[in-house]
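# Descriptive structure summary
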Amino acid sequence: MSLQPNKILGAVLAVAVVVFAVDFVSDQIFAKQDLKTPGYVIDMNAAPAVVATDAPAPAAVEPDPNAPAAAATQQAAVAPAASGVPPIEERLKTADVTAGEKTSKVCAACHSFADSGANKVGPGLWDVVNRKPGSHEGFKYSPAMVTFGETHTWDYATLDVYLTNPKAEVPGNKMAFAGVKKPEDRANLIAYLRSLSANPAPLP
Ligand code: HEC
C-alpha cells in the first residue's frame, strides 16, 4: 500500500485552501464600493464660463445702473478686453427683432413666448421686460431667483447681463443655459423679448 495518492490529494487540497483564502482576503481588502456621487459631472456651463471671461464688463456695470458714465469708466478699467461692447441701450437702437426671434429658438426648448404666459421647464417669457425676477405666476423658481428679484428688475441692462452668463449673474439659479455670448445676438434677442407684450416697454 502506497501513501503516494493520499499525499498528492493532500497537496491539491492544501493549494485549494490557500487559493480560497487569498481570494477571500483580497475581496475584503479591495471591497468594491459604489460611488455616492458620479465620478464626473457634466457641467453645461464649464466651457462657456471660459468664454464668458472675455465679457465680464456688463457684470461690472450692472450694480451701478444709475450712473452710466461712472459705469463706463469702471468697465474700461476692469475689463479693457470687453470695453468695445456698447451698452445695451446703444445696441438696442440697431437691434433686429426678426433676428432675435431666430436666436430665441434656443430658449424655446424651455420657455414659451406665448401671451398665455404658459410655464414649461422655465417660466413663460411673455411680458418679461421690466418684470420682477422670480415672480411669474405658477412657476416654481429657485430660491436664488426669488432672492435676486428682491433687488432687481428685468430691465434691458439686467437681461443683457443675465443672458450673457445666467449662472454668473444669478448664482444658484436653475436655468441650465450657457448664455448668449455675442453682444449683437443678445441685443436682437432682448428686442424680441420686448416685443412680446401688448404694451412693449419704451426703448431706452
Ligand atoms: C434648459 C432650459 C432653459 C433654456 C434653454 C433657457 N432657459 Fe431661461 N430659464 C430656465 C429656468 C428653469 C428658469 C428659472 C430659473 C430659476 O428659477 O432659477 C429660467 C429663467 C429665465 C428668466 C427669468 C424669468 C423670470 O420670470 O424671472 C429669463 C428672462 C430667461 N430664463 C430667459 C431665457 C432666454 C432669453 C433664453 C434663450 C436665450 C433662455 N432663458 C433659455 C430654463 C431655460
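Residues numbered from 1 in each chain as written. Predicted model: local features only at pLDDT ≥ 70, side-chain atom pairs only at ≥ 80, totals over all residues. Heavy atoms only, no water.

### So, the overall build of the protein
Note the following rule: A helix here means a DSSP run of H or I that spans at least four residues, while a strand means a run of E at least two residues long, and both kinds are numbered starting from the N terminus. The cut-offs for exposure are 20% and 50% of the maximum accessible area for each residue type, with area from a 1.4 Å probe on protein chains only; residues under the lower value are buried, those over the upper are exposed, and the others partly exposed. Contact criterion: two residues are considered in contact whenever any of their non-hydrogen atoms come within 4.5 Å of each other. Method for areas: the Shrake-Rupley scheme with a 1.4 Å probe, in which residue coverage is limited to the protein chains shown.
Regarding its fold elements, the protein presents 10 helices and 0 strands. Split into buried and exposed, the 204 residues of the protein put 34% on the buried side. Excluding contacts between residues fewer than 6 apart, the proportion of contacts in the protein whose partners are at least 24 apart in sequence is 50%. Carbon and sulfur atoms make up 64% of the accessible area of the protein, which amounts to about 12,900 Å² in all.

### Re the pattern of salt bridges
Short version of the rule: A carboxyl oxygen of Asp or Glu within 4 Å of a side-chain nitrogen of Lys or Arg is what we treat as a salt bridge.
Here the structure, examined in full by the defined rule, presents 3 salt bridges. Close ionic contact of Arg-91 with Asp-160 constitutes a salt bridge, the shortest N to O distance being 2.9 Å. Highlighted residues: Arg-91 in helix H5 (residues 88-93) and Asp-160 in helix H8 (residues 156-164), separated in sequence by 69 residues. In terms of burial, Arg-91 and Asp-160 fall into one category: buried.

### Focus on the packing of aromatic side chains
The line we're drawing: Pairing of aromatic rings covers Phe, Tyr and Trp, the last counted by its six-membered ring, and requires centre-to-centre distances within 6.5 Å; plane angles under 30 degrees mean stacked, over 60 mean edge-to-face, and any other angle means tilted.
One pass over the structure, following the stated rule, counts 4 aromatic pairs. Measuring from centroid to centroid gives 5.5 Å for Phe-113 and Tyr-192, while their planes differ by 70°, and the two rings are edge-to-face. Linking Phe-113 in the loop between helix H6 (97-103) and helix H7 (143-151) with Tyr-192 in helix H10 (residues 183-195), this pair joins segments that are 79 residues apart in sequence. Classification of Tyr-192 by relative accessible area gives buried; the value is 9%. Ring plane angle 40° and centroid distance 5.6 Å describe the contact between Phe-148 and Trp-154, whose orientation is recorded as tilted.

### So, the site of the ligand
Stated precisely, the cut-off is as follows: Near, as used in this document, describes a residue that has one of its heavy atoms within 4 Å of the molecule or strand being considered. For the purposes of these results, a polar contact is taken to be a pair of N or O atoms within 3.5 Å, where, inside protein, one atom must be able to donate a hydrogen and its partner to accept one; residues adjacent in sequence count only when each atom of the pair is a side-chain atom. In the scheme used here, Gly and all other residues not listed as nonpolar or charged are polar, with Ala, Val, Leu, Ile, Met, Phe, Trp, Tyr, Cys and Pro taken as nonpolar and Asp, Glu, Lys and Arg as charged.
Around the ligand lies a shell of 27 residues, among which Cys-107, Cys-110, His-111, Tyr-141 and Met-175 are the nearest. The side chain of Tyr-141 places a nitrogen or oxygen atom 2.5 Å from an oxygen atom of the ligand. Ranked by the residues each element gives to the shell around the ligand, the list is headed by H8, at 3 residues. Class assignment for the residues of the shell around the ligand results in 20 nonpolar, 5 polar and 2 charged.

### Remarks on the packing of H8 against H10
Helix-helix packing: each pair is described by the crossing angle between the helix axes and the interaxial distance. To keep things clear, this is the line we draw: A fitted line through C-alpha atoms serves as each axis, taken over the contacting stretch for helices, and the angle formed by two N-to-C directions is quoted from 0 to 180°. Orientation labels follow simple angle bins: below 35 degrees gives roughly parallel, above 145 gives roughly antiparallel, 65 to 115 gives roughly perpendicular, and whatever is left gives oblique. Crossing handedness: left-handed means the near helix sits turned counterclockwise from the far one by under a right angle, and right-handed means the same turn made clockwise.
Look at H8 against H10: their axes get within 10 Å of each other, and the N-to-C directions meet at 125°. Comparing their axes, H10 and H8 come out oblique. Judged by the twist between their axes, the crossing of H8 over H10 is right-handed. On the side of H8, the interface is formed by Tyr-156, Leu-159, Asp-160, Leu-163 and Thr-164, while H10 contributes Arg-186, Leu-189, Ile-190, Leu-193 and Arg-194. Its residues assigned to classes, the contact of H8 with H10 comprises 6 nonpolar, 1 polar and 3 charged.

### Some details on the confidence of the model for the protein
To keep things clear, this is the line we draw: Residue-level confidence of the predictor is summarised by pLDDT, bounded by 0 at the bottom and 100 at the top.
For the protein, the average pLDDT comes to 81, and 72% of its residues sit at 70 or higher. Residue range residues 45-57 is modelled with pLDDT below 50. Its contacts to residues more than four positions away, or to other chains, number 17 contacts. Per-residue pLDDT stays below 50 along residues 67-81; that stretch engages in 15 contacts with residues further than four places along the chain or on separate chains.

### Notes on unusual backbone geometry
Positioned with a positive phi, Asp-127 is a non-glycine residue whose angle comes to about 60°. In this structure Asp-127 comes out as partly exposed when scored by relative accessible area, which is 37%.

### Brief notes about the coordination of the iron atom of the ligand
For a metal bound by four donors in a tetrahedral arrangement, the ideal donor-metal-donor angle is 109.5 degrees, while six donors in an octahedral arrangement ideally sit at 90 or 180 degrees. What counts here: Only nitrogen, oxygen and sulfur atoms within 2.8 Å of the metal, or 3.2 Å for Na, K and Ca, are treated as donors, and water is left out, so sites may look incomplete. Geometry assignment treats four donors as tetrahedral when all angles are between 85 and 135 degrees, treats four as square planar and six as octahedral when opposite donors are over 155 degrees apart and all others between 65 and 115, and treats everything else as irregular.
Within the first shell, the iron atom of the ligand binds the protein through His-111 (NE2) and Met-175 (SD), at distances of 1.9 to 2.0 Å. Note that the iron atom of the ligand binds 6 donor atoms; their angles at the metal cover 87 to 179°, and the shape is octahedral. Here Met-175 lies in the loop between helix H9 (166-169) and H10 and His-111 lies in the loop between H6 and H7, a separation of 64 residues in the sequence. No difference in accessibility class separates His-111 from Met-175, as the two residues are buried.

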